[in-house]
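So the chains spell out like this:
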Amino acid sequence: MPGIDECLLEVMRLPGARGAAVVDWTSGLALGTIGESPNGDHEATAAETAEVARMAAEQPAFALEATGPSAALPDEAVGGSPPPVEDVIVTTRTGYHILRFVETAFDSSVFVHLWLDRAEGNLALARIRLGKMAERLVLA
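Below is a summary of the structure that appears in this document. (Residues numbered from 1 in each chain as written. Predicted model: local features only at pLDDT ≥ 70, side-chain atom pairs only at ≥ 80, totals over all residues. Heavy atoms only, no water.)

### Looking at the environment of aspartate 24
We count it as follows: Each helix is a run of DSSP H or I of at least 4 residues and each strand a run of E of at least 2, with the numbering of both proceeding from the N terminus. The contact rule is simple, with two residues in contact once any of their heavy atoms fall within 4.5 Å.
Within the fold, aspartate 24 resides in strand β1 (residues 17-24). Each C-alpha atom of the pair aspartate 24 and alanine 47 lies 8.9 Å from the other, and the pair is 23 residues apart in sequence. The residues contacting aspartate 24, other than those within four sequence positions of it, are Leu29, Leu31, Ala50, Ser109 and Val110.

Next comes the structure, spelled out in structure tokens:
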């Protein structure tokens, strides 16, 4: 099971990967970074992406996957804690930003941010591989 450094190295092997970070979205701190940063400062990027992650994770509109008024609520939603958002994708003219939430046995507030070049990257492939990698990530 890979740790943060191994996770980041694996992410950078994706076609079109320009930079990546493992970020704590409650504090906005980067737990690890690799490659380039969109604004040239990994710490500032971590704080900025943490705001986006926090906004998405805490919104009730994204919590329920019900498709109609009679749809059953997931067990997690009944207990007051909504099911987690899997990822957030932000597209720009030149790239993709994928924020993949990492689920852990404890109350995790960590996500992986991948900055992908739009011309060279494959968004679908990156999302699938990032999800698999996040499942194996060990936070110590």
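### Section: the packing of aromatic side chains
Two aromatic rings, taken as a pair, are described by how far apart their centres are and by the angle between their planes. Quick note on the threshold: Aromatic rings from Phe, Tyr and Trp, taking only the six-membered ring of Trp, are treated as a pair when their centres fall within 6.5 Å; an angle between ring planes under 30 degrees marks them as stacked, one over 60 as edge-to-face, and anything in between as tilted. Think of it in three bands: residues with accessible area under 20% of the maximum for their type are buried, residues over 50% are exposed, and the middle band is partly exposed, with areas taken using a 1.4 Å probe on protein chains only.
For the structure shown, the criterion picks out two aromatic pairs. Here tryptophan 25 and phenylalanine 101 contribute two aromatic rings whose centre-to-centre distance is 6.4 Å and whose plane-to-plane angle is 85 degrees, an arrangement assigned as edge-to-face. Here the residue tryptophan 25 occupies a position in the loop between β1 and β2 (29-35), and phenylalanine 101 occupies one in strand β4 (residues 95-102), the gap between them amounting to 76 residues. We note that tryptophan 25, like phenylalanine 101, is buried. Here phenylalanine 101 and phenylalanine 111 contribute two aromatic rings whose centre-to-centre distance is 6.2 Å and whose plane-to-plane angle is 50 degrees, an arrangement assigned as tilted. Taken together, the positions of phenylalanine 101 in strand β4 and phenylalanine 111 in strand β5 (residues 110-117) put the pair ten residues apart, joining distant regions of the chain. What links up through ring pairs into an aromatic cluster is the set Trp25, Phe101 and Phe111.

### With respect to the packing of helix α1 (residues 4-12) against helix α4 (residues 123-136)
Applicable threshold: All axes here are fitted lines through C-alpha atoms, helices being fitted over the stretch that makes contact, and every angle between N-to-C directions spans 0 to 180 degrees. To sort the angles, those under 35 degrees are grouped as roughly parallel, those over 145 as roughly antiparallel, those from 65 to 115 as roughly perpendicular, and the leftovers as oblique. Under the scheme applied, nonpolar residues are Ala, Val, Leu, Ile, Met, Phe, Trp, Tyr, Cys and Pro; charged residues are Asp, Glu, Lys and Arg; polar residues are all the others, including Gly.
Relative to each other, α1 and α4 sit at 170 degrees, their axes nearing to 11 Å. Considering their axes alone, α1 and α4 lie roughly antiparallel with respect to each other. Counting all contacts with α1, which are made through Cys7, Glu10 and Val11, the residues of α4 involved are Leu130, Met133 and Arg136. Grouping the amino acids of the contact of α1 with α4 by side-chain chemistry returns four nonpolar, no polar and two charged.

### Some remarks on empty space enclosed by the protein
Put simply, the test is: Using only the protein atoms, space was sampled on a 1 Å grid; points where a 1.4 Å probe fits but cannot get out form cavities, open sets with protein on both sides within 12 Å along at least five of seven lines form pockets, and lining residues are those with an atom within 4 Å of a point. Grid points are joined across faces, edges and corners, and a volume is the space filled by probe spheres set on the points.
Applying the stated criterion across every chain yields a total of one cavity of 30 Å³ or more. Here the largest cavity is characterised by a volume of approximately 40 Å³. Around the largest cavity sit Gly19, Ala20, Ala21, Glu36, Ser37, Pro38, His42, Thr45, His113 and Trp115, which together line it. For the lining of the largest cavity, the secondary-structure elements that each account for two or more residues are β1, α2 (42-57) and β5.

### Points about the sheet that holds β4
Where we set the bar: For two strands to be treated as a pair, DSSP must find at least two bridges joining them.
Strand order in this open sheet of five strands is β2-β1-β5-β4-β3, and the pairing throughout is antiparallel. The sheet is open, and its two edges are formed by β2 and β3 (87-91), each paired on a single side. Neighbouring strand axes in the sheet, compared pairwise and without regard to direction, differ in orientation by 15 degrees on average. Across the sheet, α1 touches β1, β2 and β5, and the angle it forms with β1 is around 150 degrees. Relative to β2, α2 is tilted by about 120 degrees, and along the sheet it contacts β1, β2, β3, β4 and β5.

### A look at the pattern of salt bridges
If the charged atoms of two oppositely charged side chains come close together, the side chains can form a pair. Rules: One side-chain nitrogen of Lys or Arg within 4 Å of one carboxyl oxygen of Asp or Glu is enough to make a salt bridge.
In total, this model carries seven salt bridges according to the counting rule given. In this structure, glutamate 51 and arginine 54 form a salt bridge, with 2.5 Å as the shortest nitrogen-oxygen distance. In this pair, glutamate 51 and arginine 54 are both assigned in helix α2, three residues apart and thus about one turn of the helix distant. Taken together, the salt bridges that share partners define one network made up of Glu86, Asp87, Arg100 and Arg127.

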